[in-house]
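Okay, here's what each chain looks like letter by letter:
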Amino acid sequence: MSATTKNATTTPSPATARAPSGGAGPFAGTRADGCAQLQINGQLYELPLLVGSENEHAIDISKLRAITGAITLDEGYVNTGSTTSAITFLDGEKGILRYRGYPIEVLAEKCDFVEVSYLLIYGKLPTSDELDAFRKSLSHHTMIHEDMRSFYGGFPRDAHPMATLGSVVGALSTFYQDSLDVHDPRQVEVSVHRLMAKLPTIAAYSYKKSIGQPLIYPRNDLSYCENFLQMMFAVPCEEYHIDPDFTDALDMLLIVHADHEQNCSTSTVRMVGSSDANLFASISAGISALWGPLHGGANQACVEMLERMVADGGNVKKYVELAKKKDPSFRLMGFGHRVYKNYDPRARLIKTTCDQLLAKLSLRDPMFDIAQQLEEVALADEYFIERKLYPNVDFYSGVIYRAMGIPVQMFPVLFAMGRLPGWIAHWDEMHHSPAKKICRPRQIYTGETLRAFEPIIKRS
Ligand code: ACO
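Residues numbered from 1 in each chain as written. Predicted model: local features only at pLDDT ≥ 70, side-chain atom pairs only at ≥ 80, totals over all residues. Heavy atoms only, no water.

Enquirer: Could you give an account of the overall build of the protein, naming the residues involved and the relevant values?
Expert: Helices and strands together make up the secondary structure of the protein, namely 19 helices and 8 strands. Here the C-alpha coordinates of the protein stretch approximately 85 × 65 × 55 Å along the principal axes. For the protein, buried positions account for 48% of its 460 residues. Relative to all contacts within the protein whose residues are 6 or more apart in sequence, the contacts with residues 24 or more apart total 71%. For the protein, the accessible surface area stands at approximately 23000 Å², while carbon and sulfur atoms represent 52% of it. Across the protein, the mean location of the 46 positive side-chain charges is 7 Å away from that of the 53 negative side-chain charges. (Helix = DSSP H or I, 4+ residues; strand = E, 2+ residues; numbered from the N terminus. Buried < 20%, exposed > 50% of the residue type's maximum accessible area, 1.4 Å probe, protein only. Contact = heavy atoms within 4.5 Å. Areas by Shrake-Rupley, 256 points an atom, 1.4 Å probe, with all protein chains shown as cover. Lys, Arg positive; Asp, Glu negative; His and termini not counted. Charge placed at Lys NZ, Arg CZ, Asp CG, Glu CD.)

This is the structure in structure tokens:
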């Protein structure tokens, strides 16, 4: 393998500088045979090659600046591996997604969200004793401090629940100061269980606040998903019946969202955590990153787009044409992915559940019909074929949430609940890596060079 820079000449260099491999230990990937050669202005450099367990290749540039004086530039990190990781494997070309080696389709069929969370966080499927203990611990920590409940009174009623979620999660570090030491494994574990247990409560309260209903206490006799649904929809004046189909659909949705390797929010969690910021602070930053419409906010944006199409008479071709025009004000939401250049396996699972749930509820949602038509038209269109743009995880998830009565503003909140064990697993993996360093990218400065300071009276 060889890499050549723009200024490189074809003259062989007199000397070849060799860079040592930067990583070390079990997380560093395996050194591959051979090396990459980089020529800069006639000087040839050899860079080590690494190979992952699924045969993914990387050029190890960790010593590049030290030996060449140059850095790499990769806006949006399109080609940049920020870490090695043993949590999730995905092959965007083939449409494969596995957590800790297990295909997402198998996990979605055989496990509930808590079991998958254990797998992600602890690296193995639990025994029944381990799973029981994990469930018990999560049930034990579901309440939030009473003083925290009063926070909700201070947020404006029309606040976006994602804003409330991020703020309250950040505030956990003010209430649970006994578990903030990132170097104490017991404190970290307590924080992990607290976060996993309290996030559904915090999320449901964000919704209750927005509709002016009383906050409902968690019930520890219920499962993780049942408990969330009752805190969302129960009211003190009548009994709430939890629909098992909703619980199953929610479990599946949380599972397919649980991890997706180095995406924007996970990289944020790792980056913030790399400064040894505590877990609550790191996850709060991840929630903010997830909120953006190009990431976890896309499911809300997607449903709003589908609603607009239904209201506009359902002419999907018109919107496909609009998307192709690249008008900055319109993109086909729920389509395209940085990594998947094939059908997103999560979208396939969600579409199947969506179909089943709507059939069971005898619901005819015009939005689902429109979504299916849109998918059909886009997938047959040269523009989308050429660019390998397929429906992503957000395309059908909103239709299920709607069928369950979950309002559109809560969609990214549900995404955050699902992604939490993935964020935790990455935060923890980063802390245990022998190659751990504070994340601190470099830049190429393009501003003014040295200028003489002018006193204010002389400035025009
Ligand atoms: N509609 C129309 N055209 C699109 C779309 C889309 N949804 N997505 C990508 N394209 C086009 C781009 O205009 C570009 O065309 P060009 O090559 O002619 O310039 C090409 O496809 C490549 O797109 P990029 O934006 O360069 O791809 P990138 O990897 O940077 O972006 C992203 C990926 C952000 C997901 C993009 O596809 C998008 O904006 N999709 C809609 C938002 C969305 O659904 N986000 C959720 C992603 S899943 C998640 O985060 C959980």
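Enquirer: Tell me about the packing of helix H15 (residues 345-360) against helix H16 (residues 366-379), residues and numbers included.
Expert: Put simply, H15 and H16 touch, their axes get as near as 12 Å, and they point 145° apart. Along this stretch, H15 crosses H16, giving a crossing that reads as left-handed. Facing H15, whose interface residues are Lys 351, Cys 354, Asp 355 and Leu 358, H16 presents Phe 368, Gln 372 and Glu 375. Its residues assigned to classes, the contact of H15 with H16 shows 3 nonpolar, 1 polar and 3 charged. (Axes fitted to C-alpha atoms, helices over the stretch in contact; angles between N-to-C directions. Left-handed = near helix turned anticlockwise from the far one by under 90°. Nonpolar A, V, L, I, M, F, W, Y, C, P; charged D, E, K, R; others polar.)

Enquirer: Go over empty space enclosed by the protein, please, and point to the residues and values.
Expert: Applying the stated criterion across every chain, the model contains 1 cavity of 30 Å³ or more. Its boundaries defined by the atoms lining it, the largest cavity holds a volume of some 30 Å³. For the lining of the largest cavity, the class distribution of residues is 5 nonpolar, 3 polar and 1 charged. (1 Å grid on protein atoms, 1.4 Å probe; cavity = no way out; pocket = protein on both sides within 12 Å on 5 of 7 lines; lining within 4 Å. Points joined across faces, edges and corners; volume = space filled by probe spheres on them.)

Enquirer: Outline the sheet that holds strand E8 (residues 102-103), supporting the account with residue identities and numerical values.
Expert: The strands that make up a sheet are held in pairs by hydrogen bonds between backbone atoms, and each pair lies either parallel or antiparallel. Spatial ordering of the open sheet is given by E6-E7-E8, a layout of 3 strands whose pairing is antiparallel. Of all the strands in the sheet, the pair left with one neighbour each is strand E6 (88-91) and E8. Summarising the sheet, E6 and strand E7 (residues 96-99) pair through 4 bridges and their orientation is antiparallel. Within the sheet, the bridge partner assigned to Asp 91 lies in E7 and is Ile 96. (Pairing = 2+ DSSP bridges.)

Enquirer: Could you give an account of helix H4 (residues 128-140), with specific residues and numbers?
Expert: Since the α-helix packs 3.6 residues into each turn, any two residues three or four apart lie on the same face. If you check H4, its first and last C-alpha atoms are 18 Å apart, about what 13 residues at 1.5 Å a residue would give, namely 18 Å. When H4 is considered as a whole, its buried residues turn out to be Leu 131, Phe 134, Ser 137 and Leu 138. Buried residues of H4 fall within an arc of 130° about the axis and therefore sit on the same side. Opposite the buried face of H4, at more than 90 degrees from it, the exposed residues are Ser 128, Asp 129, Lys 136 and His 140. Close packing links the buried residues of H4 with helix H3 (113-122), helix H8 (185-211) and helix H9 (224-233). (Expected span 1.5 Å × (residues − 1). Arc of directions from axis to C-beta.)

Enquirer: Pulling in residues and values, what's your account of the site of the ligand?
Expert: The immediate surroundings of the ligand are formed by 20 residues, with Lys 326, Arg 331, Leu 332, Arg 338 and Tyr 383 found nearest. In this structure, an oxygen atom belonging to the ligand sits 3.1 Å away from a side-chain N or O atom of His 295. One of the side-chain N or O atoms of Arg 331 is found 2.6 Å from an oxygen atom in the ligand. If the ligand stood free it would expose 920 Å²; the protein chains cover 75% of that surface. Grouping the amino acids of the shell around the ligand by side-chain chemistry returns 10 nonpolar, 5 polar and 5 charged. (Near = heavy atom within 4 Å. Polar contact = N/O pair within 3.5 Å; in protein donor to acceptor, adjacent residues only side chain to side chain.)

Enquirer: Report on the pattern of salt bridges, specifying residues and quantitative values.
Expert: Using the criterion set out here, one finds 21 salt bridges in the structure. Between Arg 135 and Asp 112 there is a salt bridge, with its nearest N and O atoms 2.8 Å apart. With a gap of 23 residues between them, Arg 135 in helix H4 and Asp 112 in the loop between helix H2 (104-110) and H3 connect regions that are remote in the sequence. Since its relative accessible area comes to 30%, Arg 135 is described here as partly exposed. Glu 448 serves as the salt-bridge partner of Arg 451, at 3.8 Å between the closest nitrogen and oxygen. Using a relative accessible area of 61% as the deciding quantity, one classes Arg 451 as exposed. What makes Glu 448 partly exposed here is its relative accessible area of 48%. A single network of salt bridges, built from pairs that share partners, joins Glu 307, Asp 365 and Arg 402. (Salt bridge = Lys/Arg side-chain N within 4 Å of Asp/Glu carboxyl O.)

Enquirer: Can you lay out the nonpolar core for me, pointing to particular residues and giving the numbers?
Expert: A general feature of soluble globular proteins is that nonpolar side chains tend to end up buried together. Core analysis: the biggest nonpolar cluster contains 117 residues, and Ile 283, Met 309 and Leu 332 have the highest contact counts within it. When sequence neighbours within four positions are dropped, the list of residues in contact with Leu 332 reads Met 305, Met 309, Tyr 319, Ala 323, Leu 374, Ala 378 and Phe 384. Judged by nonpolar contacts, the second largest core, of 7 residues, contains Ala 32, Ala 36, Val 51 and Leu 64. (Core = buried A, V, L, I, M, F, W, Y, C linked by side-chain atoms within 4.5 Å.)

Enquirer: Lay out the packing of H4 against H8 with the relevant residues and their values.
Expert: Orientation of H4 relative to H8, taken along the N-to-C sense of each, is 65°, at an axis distance of 8 Å. In terms of their interaxial angle, H4 and H8 are classed as roughly perpendicular. When you trace H4 past H8, the crossing you get is right-handed. Across the interface between the two elements, Phe 134, Ser 137 and Leu 138 of H4 pack against His 193, Met 196 and Ala 197 of H8. Of the residues that constitute the contact of H4 with H8, the class distribution is 4 nonpolar, 2 polar and no charged. (Parallel < 35°, antiparallel > 145°, perpendicular 65-115°, else oblique.)

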